[in-house]
Amino acid sequence: PRKRNCRRYKSPVNKMVKTKMLKTVCLLMLAARPVLCEQAGAALEFNDDLDDIQLDEEPGVLGEPEIAIIPTDSPQDGAEGESTKEKKLPPRLKPQDGRPTTPDNYFMEGGLLALLVVYLGVYVYGNSKNGSAAQAWADECADLMTENFADVGNNGTNLICEAPNEYVLYGTGRKNCRAMYARLELPPRHDLVVGMMTVMKCPVPDRLAFRFDLLPEAVQGFIFAVVPTRQAKCLKHNYDDLRLLTKTLNGSKWNLPVSLSIMTDCPDIVGQILTDKVVAFLRAAQPFLEIMLYSDMFMGEERSYDWEKGAETVNIRSAKPVLLMKFAEGKLDDSAEANKAELLEGAINVLNVTTAVTMHAQAKAASQKRRDELVASLKESEQDEEAETAQDRVLDRQREEKEKFAAMDENDPARKAYEKKQERKREKKKKANVKMMKR
């Protein structure tokens, strides 16, 4: 490992994970809002009644409504006198303090409190279980990380927790590699709502992803990927570099299982990558493999969408060399958990093989020609889109201007000047068309 290739770890901001707890609390508050509002309204109504009621010295028996006699002035003929008005108090309320006294009135509050306690208990249990599983994975991979990278972890900790169910092993300081991210995503055992939703569905597997950010000077100009055959079309649609440059080949030609396919833009280098050791690793990891991708023009794991234009876009400017490997390993109590260290070792071996590939001069020229044509076509499409956007802005401005002057009075000088200007433009356009016809 070389220390000069080291760089500090920067944790991405996971807004979705940070807002899950807040959303759950908001849902609980919204569920309790109607009940709390109803009780608050009843309390306010009762307090208003207390202002007009003169209570007896001895309160009535609990659960029986009280009758209060209130003296009032008689409004008839201004005569002095007193009339009585009877008013019933709400049952199960003490007249002296106006507070509910039976446990039935606290049923909803107790249920919400119990639900909150269960939610917190599930959160603590799931967080601790995921943390112990991730720590076991980090201890299992500790020797491999220290052997292959000069700097491991961040701020003295090997395991970086980015969320209660997401953990990262970070390494930097290696030949041809700028940094490595091993991301373990466990089932959200800490989230009661998500857990209840996944009970009726298939169990969420453990997902393990290795990403190597490569140095540009150490990268050859080719793309190579091994994917499950059933998911080949879907993955090719999601990854722009695979969709724009690669072709799909049958993996059985290189001793791979029939369930695996190869995508590449340079078939000549497939034999150099698929050595006996790499083929054995891919065969062993075939039940868990989601994608193995080496690309010198990696543009992201998902296609970007421009909401203003209402169409998908290709961000060629963000392309960079990357080696990406993804696995889905099943549940924690399965035997697949023991393969995590082997998967890391196999990923490092694939890194060594792919960075050692040498391309012939003719293959390099053809690869560079394809990339230049792709960049030129993308730039041309961007220019066409910009010209179309500019034309749309001009048309919108002309329409607004026309509507503005159409709303004016016919004798308005500004409207007359606008009409004369439009008439001159039409005459000029007619003369130009006549000249073109004469030629």
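Residues numbered from 1 in each chain as written. Predicted model: local features only at pLDDT ≥ 70, side-chain atom pairs only at ≥ 80, totals over all residues. Heavy atoms only, no water.

**Here's the deal with the overall build of the chain**
Along the chain, the regular secondary structure elements total 10 helices and 14 strands. Considering the chain as a whole, with its 439 residues, one finds that 34% of them fall into the buried category. Considering only contacts within the chain whose residues lie at least 6 apart along the sequence, 69% involve residues at least 24 apart. Just so you have it, the chain exposes about 27800 Å², and 54% of that area is on carbon and sulfur atoms. (Helix = DSSP H or I, 4+ residues; strand = E, 2+ residues; numbered from the N terminus. Buried < 20%, exposed > 50% of the residue type's maximum accessible area, 1.4 Å probe, protein only. Contact = heavy atoms within 4.5 Å. Areas by Shrake-Rupley, 256 points an atom, 1.4 Å probe, with all protein chains shown as cover.)

**Remarks on the packing of aromatic side chains**
In this structure the tally under the stated criterion is five aromatic pairs. Arranged with centres 5.3 Å apart and planes meeting at 50°, the rings of Tyr170 and Tyr181 form a pair that is tilted. Taken as a pair, Tyr170 in strand β5 (residues 166-174) and Tyr181 in strand β6 (residues 177-185) lie far apart in primary sequence, 11 residues in all. Under the relative-accessibility criterion, Tyr170 is labelled buried at 1%. Taking relative accessible area as the criterion, Tyr181 reaches 16% and is therefore assigned buried. Note on Phe222 and Tyr294: the rings are 4.7 Å apart at their centroids and 25° apart in plane angle, and the pair reads as stacked. Of the two residues, Phe222 sits in the loop between β7 (207-214) and β8 (223-228) while Tyr294 sits in strand β11 (residues 289-298), which places them 72 residues apart along the sequence. (Phe/Tyr/Trp six-rings, centres within 6.5 Å; stacked < 30°, edge-to-face > 60°.)

**A short note on the confidence of the model for the chain**
Overall, the prediction assigns the chain a mean pLDDT of 76, with 69% of residues at 70 or greater. Considering only residues more than four positions removed or in separate chains, one finds that residues 50-70, a stretch of pLDDT under 50, has 40 contacts. When the criterion is pLDDT under 50, residues 92-96 qualifies, and its contacts beyond four places in sequence or with other chains add up to 18 contacts. (pLDDT = per-residue confidence, 0-100.)

**Looking at the side chain of Asn148**
Among the secondary structure elements, Asn148 is positioned in helix α2 (residues 107-148). Of the polar contacts made by the side chain of Asn148, one reaches the backbone oxygen of Leu144; its length is 2.7 Å. Only 3.2 Å separates the side chain of Asn148 from the side chain of Arg174, close enough to count as a polar contact. (Polar contact = N/O pair within 3.5 Å; in protein donor to acceptor, adjacent residues only side chain to side chain.)

**Some points on the environment of Glu185**
Summarising the element assignment, Glu185 is placed in strand β6. In the structure, Glu185 is positioned 19 residues away from Val204 in sequence and 9.9 Å away in space, judged by C-alpha atoms. Among residues more than four places away in sequence, those in contact with Glu185 are Asn165, Glu166, Pro205, Asp206 and Arg207.

**Here's the deal with the packing of helix α7 (residues 276-285) against helix α8 (residues 340-355)**
Where α7 contacts α8, the two axes come as close as 10 Å, and the packing angle between them is 145°. Along this stretch, α7 crosses α8, giving a crossing that reads as left-handed. Here Lys277, Val278, Phe281 and Ala285 of α7 come into contact with α8, specifically with Glu342, Leu343, Gly346, Ala347, Asn349, Val350 and Val353. (Axes fitted to C-alpha atoms, helices over the stretch in contact; angles between N-to-C directions. Left-handed = near helix turned anticlockwise from the far one by under 90°.)

**Overview of the pattern of salt bridges**
Scanning the model with the defined rule gives 11 salt bridges in all. Residues Arg370 and Asp265 are paired through a salt bridge, measuring 3.9 Å at the closest nitrogen-oxygen approach. Taken as a pair, Arg370 in helix α9 (residues 361-406) and Asp265 in the loop between β10 (260-264) and α6 (270-273) lie far apart in primary sequence, 105 residues in all. For the salt bridge of Arg371 with Asp296, the shortest nitrogen-to-oxygen distance reads 2.9 Å. Pair noted here: Arg371 is in helix α9 and Asp296 is in strand β11, with a separation of 75 residues, a long-range link. Each of the salt bridges in this network shares a partner with another, and the network as a whole consists of Asp265, Asp296, Arg370 and Arg371. (Salt bridge = Lys/Arg side-chain N within 4 Å of Asp/Glu carboxyl O.)

**What about the packing of α2 against α8?**
Direction vectors running N to C along α2 and α8 enclose 25°, while the axes themselves pass 9 Å from each other. Between α2 and α8, the angle falls in the class roughly parallel. As for how α2 packs across α8, the hand of that crossing is right-handed. Contact residues: α2 offers Trp137, Glu140, Cys141, Leu144, Met145 and Asn148, while α8 offers Lys340, Ala341, Leu344, Glu345 and Ile348. Its residues assigned to classes, the contact of α2 with α8 comprises seven nonpolar, one polar and three charged. (Parallel < 35°, antiparallel > 145°, perpendicular 65-115°, else oblique. Nonpolar A, V, L, I, M, F, W, Y, C, P; charged D, E, K, R; others polar.)

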